[in-house]
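# Fold and contact review
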Amino acid sequence: MAHRATTMHTAPDSPGARLSAVFAQVRAELEVREEFPEPVLAEALAAVASPVLPERDATVLELVTIDPPGSMDLDQALHITRATDADGPGAAYRLRYAIADVPAYVAPGGAVDAEVRLRGQTIYCPDIRVPLHPTVISEEAASLLPGQTCPAFVWDVLLGPDGERVAAQVSRAMVRSARRYTYAEVQELVDAGTAEETLLLLREVGRLRVQRESERGGASLPMPEQEVHEHEGGYAVRLRPLLEAEDWNAQISLLTGMVAAEIMLEGGVGILRTMPQADEGAVRRFRRQARALGVPWPEGMAYR
C-alpha cells in the first residue's frame, strides 16, 4: 500500500488523533522499531562522512529516476539509448541501470548492519513510514537525487530487437542523476510525444519485455494502487489504476534481476531465491474461483 499522507496536527480527542493512537499501539504490539538507537545514528553519520567510494566515474550518463511524488529514497535510475555498431552485432538497445550503493555506507557487522537485520524492510503505515536505514543514508547520501554524485551499482545491458539480453556486465561507479520524474509525468510526456529519448525508449523496451513475459507464461495481476490519504478527522484509502509507465519501469527492474540471476548461474556463484511449484490443491481452488467469476481457465492453458 502506498503512503501519500503528510503529518497532520489534530486535537487530542479528535477521530484522527484516536486513529493515530491505535496505529501506534499496533506498532508497539508488533515491536516495530520506530527510532534508531544513538550508536546506529552515530555510525551512520560517520559512514556518510568517510565512505569507501568506487574509482570509476560514470557521472557522464544522463540518468533519470522515476518514483512516486515526494519520494526521497531514490534507489534506482536508468538511461536507455539505441545501440550503435560499436556495441556489437545483435544489439538494438543499450540500458544503463543504476542501483544505489547503500552497502558503501553500511559496515558488515557494525551497528547499522545489525539494526537493518532486525528491521528487515521499510514499513509503510497509514500515518508514518518506518525506514529500513537511517535517513541520512537512504534519503541523503545514498539517494540518487538529481545533481548529487553518489556511488551505485551500474548495470550495462545490451538488448536485442526482441528485448532479450545480448550481453551484460555490472560494476560499481560514481553516478549523478540528471532529472527526477513521477510516473504520471512520464506517462504524460510519453503520450504527448515530448519525452526525452530515455523515456520514449523505456516505453519501447518495456512493451517488449511485457511481450516476453507473456510468452514465458509469466503471471501479471495489475491491481490498483492502494493509497492512504489523510483528511480532516481521519484517513481514507483510495484506489488508483496503475499507469502503463509503472509497468514499463517494473519491467526494467525485473529485467535487471533476471540478468543478475543469469550472470550468477553462468558463473556458478551467488545465492538465488526460487519459488516452489504451486500446490495442486491451490491450483484446483484457483480454477474453481476463476470459473465462478465467469473466467474459465481451460486445462493446458498457461497462466497469465
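Look above for the structure.
What comes next is a walk through the structure. Note that this is a predicted model, so its numbers are computed, not measured. (Residues numbered from 1 in each chain as written. Predicted model: local features only at pLDDT ≥ 70, side-chain atom pairs only at ≥ 80, totals over all residues. Heavy atoms only, no water.)

## Comments concerning the side chain of histidine 79
Our working definition: Every helix listed is a DSSP run of H or I at least four residues long, and every strand listed is a run of E at least two residues long, numbered separately from the N terminus. Any pair of residues with heavy atoms lying within 4.5 Å of one another is described as a contacting pair.
In this fold, histidine 79 is placed in strand β3 (residues 76-82). Sequence-distant contacts of histidine 79, defined by excluding residues within four places in its chain, comprise Leu61, Glu62, Leu63, Arg94, Leu95, Arg96 and Thr198.

## Examining helix α6 (residues 197-215)
Where we set the bar: To estimate the expected span of a helix, count its residues, drop one, and scale the result by 1.5 Å.
Between the first and last C-alpha of α6 there are 27 Å, a value that for 19 residues agrees with the 27 Å anticipated at 1.5 Å per step. Immediately beyond the C-terminal end of α6, within one or two residues, lies glycine 217, with a positive phi of roughly 80 degrees.

## Some points on helix α3 (residues 111-119)
Put simply, the test is: With a 1.4 Å probe rolled over the protein chains alone, any residue whose accessible area is under 20% of its type maximum counts as buried; one over 50% counts as exposed, and the rest are partly exposed. Directions from the helix axis toward the C-beta atoms define the arc.
Val112, Asp113, Glu115, Val116 and Arg119 are the residues of α3 that are buried. When α3 is viewed along its axis, its buried side chains cluster within an angular range of 165 degrees and face the same direction. In α3, those exposed residues whose orientation departs by more than 90 degrees from the buried face are Arg117 and Leu118. Looking at the buried positions of α3, the neighbouring elements they touch are α2 (38-49) and β6 (129-130). In the segment just after α3, glycine 120 is the residue with positive phi, at about 85 degrees.

## Some thoughts on the packing of helix α5 (residues 183-192) against α6
To be explicit about the condition: Fitted lines through C-alpha atoms serve as axes, helices being fitted only where they are in contact, and the angles separating the N-to-C directions of these axes extend from 0 to 180 degrees. For classification purposes, angles smaller than 35 degrees are called roughly parallel, those larger than 145 roughly antiparallel, those between 65 and 115 roughly perpendicular, and all remaining angles oblique. Lys, Arg, Asp and Glu make up the charged group, whereas Ala, Val, Leu, Ile, Met, Phe, Trp, Tyr, Cys and Pro make up the nonpolar group; the residues left over, Gly among them, are polar.
In contact at an axis separation of 10 Å, α5 and α6 are set at 90 degrees when each is read in the N-to-C sense. On the basis of their axis angle, the class for α5 and α6 is roughly perpendicular. Residue-level inspection shows Val186, Leu189 and Val190 of α5 in contact with α6, the latter providing Leu199, Leu200 and Arg203. For the contact of α5 with α6, the per-class residue count stands at five nonpolar, no polar and one charged.

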